[in-house]
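# A closer look at the structure
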Amino acid sequence: MPHPGARLRDRYAIVGVGQSEIGEVPGSTALGLLTTAMKNAIEDAGLTNKDIDGIISRGPDDIYCHHQRMGQRLGINARFSTSLDNGGASQILAIALACMAIDAGLCHTVVTGFGRNSWSRKESSEQNRMGVNLRPVEQQEQEFRPEFGYFGEAATHAFGARRHMALYGTTKEQLGHVAITFRKHASKNPCAQKREPLTMEQYLTARLIADPFCLYDCSLVTDGAGAVVVTSAERARDLKQRPVYISGFGFHNNLRGWFFDEHMTDTAAKQAAAEAYAMAGIGPQDVDTAQLYDCFTYMVIVQLEDYGFCKKGEGGPFVASGALDLDGALPTNTSGGQLSEGHVEGMLQIVEAVHQLRGDRPPDRQVPHCEVAVVSGHGGNTVCHSSLILRRAP
Amino acid sequence: MSEAYAKPLPVPTPESQPFWDAVRRHELRLQRCQACGQFWFPPSNVCPECLSPAWAWELVSGRGTVFSFVVMHRAYHPGFRNELPYNVAVIALEEGPRLVSNVVGCRNEELYVGMPVEVVFDDVTDTVTLPKFRPRPGA
């Protein structure tokens, strides 16, 4: 029995991608960065703002009705538009929602994207520099956490890493392999925020943040934006770029919480990936590159397991084997990921997957024979997962 | 002593106030469904298993194990600056629910996943008590 979503398989495509300047961009605004990225994506597709009739966007949580601001800036009265509120799982959700809206006849060409100016916001005050928590105050936890000194996303994910270490023997060095490999990829990416090489010795002696995490286990604080244009496969054939088909997507949300059951070590990625594979009609063995949501090194290890690239508990040895290298078994986060290229809430992972599938990266960054890519998104309070499978047009 | 206490204090909601009132009396109480018997945490107005609105704040054993823990080396709040490094642990209570706290009475290096612990009550100000956990003797 085919997955009900298989009806949509390869019927919609990403036809344009764009990004803004990435990294430390003094004076940048979240809306301005995303405006640049969306403009670049529209132009990359060979389209103009007059061709866009849908907008799905996301930015910092304190910008109300974000999509309205984007439509105003880009001169678009959209037939279909909304903002999303699912953390790092939002960006793939936006692409899936675009496919569904086009399929329902509500619009025909949608621009989606995410932009933030987190580095600039962090630098704007001593209080922000200390907290690094850029959420609006009214969204921060007021009990059961701060009074015990529990702050920050690093601690949340480090609880998962610690438990994975206890259950499966995962080591600090294995976490380090993730950080070092992605830094190696970023060193070849002129747009990346951190490009200087990282050694295992530097990693193992780095300043601790929330043990078992050190500085290099944590993703960057970034100013930046990314965007894509989605339309039907039929329209895509007449546009400028080689289309990248949207073959599958899947979602799962462990809303009972990160502390519930074994959600820290068997994450929502497992069910989301299963949905996406079923919709696309493929399995992990068919995937040529993975672009995974790497807010912290541990999340790469656990997602590799939950996506079926290795068995549960074997994510550590898998990354230590060199599998994530450009010439490894599963080239992963080939632009440097959020750990080194910049943390744009999963958006740059989507952009990178599209470039890899088009085959337009320079030879020292291009995954050979890249036909199928998996992209992941992870967010909310660590419990929401989105999964995307993209395929190069034949 | 309250004027010297520089760390954040809990800001209870109407739903969580009974929890804090109980720990002030040195009792650990959690909501328990009177229909299906489940305990849950954090507080809510219906049972998350069967959605029954019939529940009571029942005394729990205070015994549990360390489900996971981190050792904080970075101060996100000035009140913790002099405590670095300090631990934050997720405690799995025998009754099921898991809650965040600190393990006291042992060094951070002695902590491990699965460590048996029991509740202790830390009267941090004249009006606020925090439930913390210590290694359980004889376990």
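All of these numbers come straight from a predicted model, not from anything done at the bench.

## Notes on helix H1 (residues 30-44) of chain A
Residue and element names in this part refer to chain A. In this model, H1 (15 residues) spans 21 Å end to end at C-alpha, consistent with the 21 Å of a helix rising 1.5 Å per residue. Taking burial as the measure, the 15 residues of H1 include 11 buried ones, the bulk of the element. Within H1 the residues assigned to the buried category are Ala30, Leu31, Leu33, Leu34, Thr35, Ala37, Met38, Asn40, Ala41, Ile42 and Asp44. Along its buried surface, H1 packs onto strand S1 (12-19), strand S2 (54-58), helix H2 (66-74), strand S4 (109-117) and strand S7 (223-232). Of the residues one or two after H1, Gly46 is the one with positive phi, at around 80°.

## Some details on unusual backbone geometry
Cis geometry is found at the peptide bond from Phe41(B) to Pro42(B), where omega equals 0°. Along the polypeptide, Pro42(B) turns up in the loop between strand S2 (39-40) and strand S3 (55-59). Here Leu84(B) and Pro85(B) are connected by a cis peptide whose omega angle stands at -10°. Tracing the backbone shows Pro85(B) in the loop between strand S4 (63-72) and strand S5 (86-93). The residue His369(A) is not glycine, and still its phi comes out positive at about 50°. Within the fold, His369(A) resides in the loop between helix H14 (347-358) and strand S10 (372-379). At Leu51(B), a residue that is not glycine, the phi angle is positive and equals roughly 65°.

Definitions and limits used
- Residues numbered from 1 in each chain as written.
- Chains lettered and ligands numbered in written order.
- Predicted model: local features only at pLDDT ≥ 70, side-chain atom pairs only at ≥ 80, totals over all residues.
- Helix = DSSP H or I, 4+ residues; strand = E, 2+ residues; numbered from the N terminus.
- Expected span 1.5 Å × (residues − 1).
- Buried ≥ 20, exposed ≤ 12 C-beta atoms within 10 Å, placed from the backbone.
- Contact = placed C-beta atoms within 7 Å.

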